[in-house]
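Analysis of the macromolecular model
Residue strings, one per chain:
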Amino acid sequence: MTTITIAHPDSTVHEATAAAIIRVLEANDVEPEIVIGPKSALAPLLKNGEIDLYVSAWLPDDDADLLAPGVIPLGKLFNPSACCCISREEGPLVSLNDIAQAGPELSRTILTPISLQKHVEQMVTDYALAEAGFTLKVLPDEEALASITTALNNKECILMPLIQPCFLFHQGGFRILSDPKNSMGKEQEASMLMRPGLADAMDQDLQDELDELMLSTKVISAMDFAMRTEGLTADEAAESWQRGKLLPR
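Read on for an overview of the structure. (Residues numbered from 1 in each chain as written. Predicted model: local features only at pLDDT ≥ 70, side-chain atom pairs only at ≥ 80, totals over all residues. Heavy atoms only, no water.)

**Considerations on the overall build of the protein chain**
To be explicit about the condition: To qualify as a helix, a DSSP run of H or I must reach at least 4 residues; to qualify as a strand, a run of E must reach at least 2; elements of each kind are numbered from the N terminus. Atoms considered for the radius of gyration are the C-alpha atoms alone. The globule rule reads 2.2 Å times the number of residues to the power 0.38. Exposed residues in this analysis have more than 50% of their type's maximum accessible area, buried residues have under 20%, and partly exposed residues fall in between, with area computed by a 1.4 Å probe over protein chains only. By definition in these notes, contact holds between two residues if any of their heavy atoms fall within 4.5 Å. Using the Shrake-Rupley algorithm and a 1.4 Å probe, accessible areas are obtained, with residue cover drawn only from the displayed protein chains. Under the convention used here, Asp and Glu are negative, Lys and Arg are positive, and both His and the chain ends fall outside the count. Charge positions are represented by NZ for Lys, CZ for Arg, CG for Asp and CD for Glu.
Of the regular secondary structure elements, the protein chain holds nine helices and ten strands. Relative to its length of 249 residues, the protein chain is compact, with a C-alpha radius of gyration of 19 Å against a globular reference of 18 Å. Expressed as lengths along the three principal axes of its C-alpha atoms, the size of the protein chain is roughly 60 × 40 × 25 Å. In the protein chain, which comprises 249 residues, the proportion classed as buried is 48%. The long-range share in the protein chain, meaning contacts at least 24 apart out of those at least 6 apart in sequence, stands at 78%. As displayed, the protein chain has an accessible area near 11700 Å², and 48% of this comes from carbon and sulfur atoms. Measuring between centres, the 18 positive side-chain charges of the protein chain sit 7 Å from its 38 negative side-chain charges.

**Some words on the environment of His-8**
Residue placement: His-8 occurs in strand E1 (residues 3–8). The exposure class of His-8 is buried, given its relative accessible area of 4%. Residues His-8 and Ala-18, spaced ten residues apart in sequence, show a C-alpha to C-alpha distance of 6.9 Å. Beyond its immediate stretch of four places on either side in the chain, His-8 contacts His-14, Glu-15, Ala-18, Ile-34, Val-35, Ile-36, Gly-37, Leu-42 and Val-55.

**Regarding unusual backbone geometry**
In this model, Val-55 is joined to Ser-56 through a cis peptide bond whose omega is -15°. Structurally, Ser-56 is set in strand E3 (residues 53–59). Omega for the peptide link from Leu-59 to Pro-60 comes to 15°, which places this bond in the cis form. Checked against the element boundaries, Pro-60 lands in the loop between E3 and strand E4 (72–78). The backbone of Asp-29 shows a phi angle near 60°, a positive value even though the residue is not glycine. Residue position: Asp-29 is located in the loop between helix H1 (12–27) and strand E2 (31–36).

**Thoughts on the packing of H1 against helix H7 (residues 204–211)**
Between two packed helices, both the angle of their axes relative to each other and the distance between the axes serve to describe the pair. Worth spelling out the cut-off: Only the stretch in contact is used when fitting a helix axis, every axis being a line fitted to C-alpha atoms; angles between N-to-C directions are given from 0 to 180 degrees. We call two directions roughly parallel when the angle between them is under 35 degrees, roughly antiparallel when it is over 145, roughly perpendicular when it lies between 65 and 115, and oblique otherwise. Helix crossings are classified by the rotation of the near helix relative to the far one: an anticlockwise turn of less than a right angle makes the crossing left-handed, while a clockwise turn makes it right-handed.
Taken N-terminus to C-terminus, the directions of H1 and H7 make an angle of 155°; their axes are 11 Å apart at the nearest point. Considering their axes alone, H1 and H7 lie roughly antiparallel with respect to each other. Judged by the sense of rotation from one axis to the other, the crossing of H1 with H7 is right-handed. The residues of H7 that touch H1, namely those facing Ile-21, Val-24 and Leu-25, are Leu-206, Glu-209 and Leu-210.

**Some words on a negative patch on the surface**
Our working rule: The patches reported here contain residues having more than 30% relative accessible area and no salt bridge. Joining distances are 9 Å for like charges and 5 Å for nonpolar side chains (Val, Leu, Ile, Met, Phe, Trp, Tyr). By salt bridge we mean one thing: a side-chain nitrogen of Lys or Arg within 4 Å of a carboxyl oxygen of Asp or Glu.
A cluster of acidic residues, Asp-203, Asp-205, Asp-208, Glu-209, Asp-211 and Glu-212, forms a negative patch at the surface. Note on placement: Asp-208 falls in helix H7. Overall, Asp-208 belongs to the partly exposed group, its relative accessible area being 32%.

**Examining the nonpolar core**
Here is the rule: Nonpolar cores are built from buried Ala, Val, Leu, Ile, Met, Phe, Trp, Tyr and Cys residues. Side-chain atoms within 4.5 Å join them into one set.
Ile-21, Leu-53, Leu-210 and Met-223 are the most contacted members of the largest nonpolar core, which totals 38 residues. Listing elements by their share of this core, those giving two or more residues are E1, H1, E3, E4, strand E10 (189–194), H7, helix H8 (217–229) and helix H9 (234–242). The element that contributes the greatest number of residues to this core is H1, accounting for nine residues. Ignoring any residue separated from it by four or fewer positions in sequence, one finds Leu-210 in contact with Ile-21, Val-24, Leu-25, Leu-53, Leu-74, Gly-75, Met-192 and Met-202. Formed by 20 residues, the second largest nonpolar core is a distinct cluster that contains Ile-99, Val-120, Leu-129 and Cys-157.

**A look at the environment of Leu-159**
Relative to the elements of secondary structure, Leu-159 occurs in strand E8 (residues 159–164). The sequence separation of Leu-159 and Leu-25 amounts to 134 residues, and the corresponding C-alpha distance is 40 Å. The contact partners of Leu-159, leaving out residues within four places of it in the chain, are Cys-84, Cys-85, Ile-86, Ile-99, Leu-106, Ile-110, Leu-111, Phe-134 and Leu-177.

**Some remarks on the side chain of Thr-17**
Rules: Side-chain atoms alone can form a polar contact between residues adjacent in sequence; in general such a contact is a pair of N or O atoms within 3.5 Å, and within protein one must be able to donate a hydrogen while the other accepts it.
Checked against the element boundaries, Thr-17 lands in helix H1. Overall, the relative accessible area of 0% leaves Thr-17 in the buried class. A polar side-chain atom of Thr-17 sits 2.9 Å from the main-chain carbonyl oxygen of Val-13. The residues contacting Thr-17, other than those within four sequence positions of it, are Val-55, Ser-56, Leu-77, Phe-78, Leu-215 and Ile-220.

By themselves these figures say nothing about function.
See the structure below:
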């Protein structure tokens with residue numbers, strides 16, 4: 001194959017992941033054609049063979065609906081996970097078990113990305129947070145991230161429901177709370193998805209190289225940070241990663 005159509009949802013995390021994969025394709029003299037859109041629009045294109053490679057599906061739970069007959073997962077890129085953090089690296093609060101008894105310095109408003117609403121609602125139930133005065137402020141993902149970033153930079157004490165990878169994990173300055181009741185859900189595995197028939201059509205050496213590609217949440221978080229705060233394109237961030245310049249040694 002000399003051309004592969006690669007599709008990804010319209011987010012910087014997925015764009016960064018796709019950029020790393022695109023560099024592998026180009027190194028093997030394969031020209032990528034890129035399709036970007038909401039997952040709901042890309043799913044039927046994958047099923048019908050109108051796109052070759054979807055980047056990336058978070059399995060086994062988050063993107064299970066993409067696994068249509070003939071669609072094959074490829075590779076184990078990184079392990080995304082939902083978690084709840086607190087905007088203080090130090091202090092006595094280390095677990096979601098502690099939150100209901102937290103003092104008034106901790107905001108009772110939980111800025112919640114809409115993609116994490118169900119997870120956070122489960123967390124509130126499991127840890128009896130509503131009874132302790134906590135409420136959700138559900139926002140579109142980018143608005144929630146912007147509000148969380150502002151609060152973090154202003155040194156406000158808030159709960160931060162986040163998905164790893166995310167640029168904020170590269171920025172740091174906060175603590176991931178342990179979740180003994182697993183309310184935020186289990187860790188996922190990010191994989192590419194091949195359209196029906198692609199496994200037979202793709203060069204086996206390229207397929208093996210993609211299957212063995214390892215990125216990590218740390219790498220994608222750093223790429224996301226570089227794109228959002230340093231003005232790098234996804235391709236420039238991917239090149240920086242390949243050259244070993246993205247993460248401190």
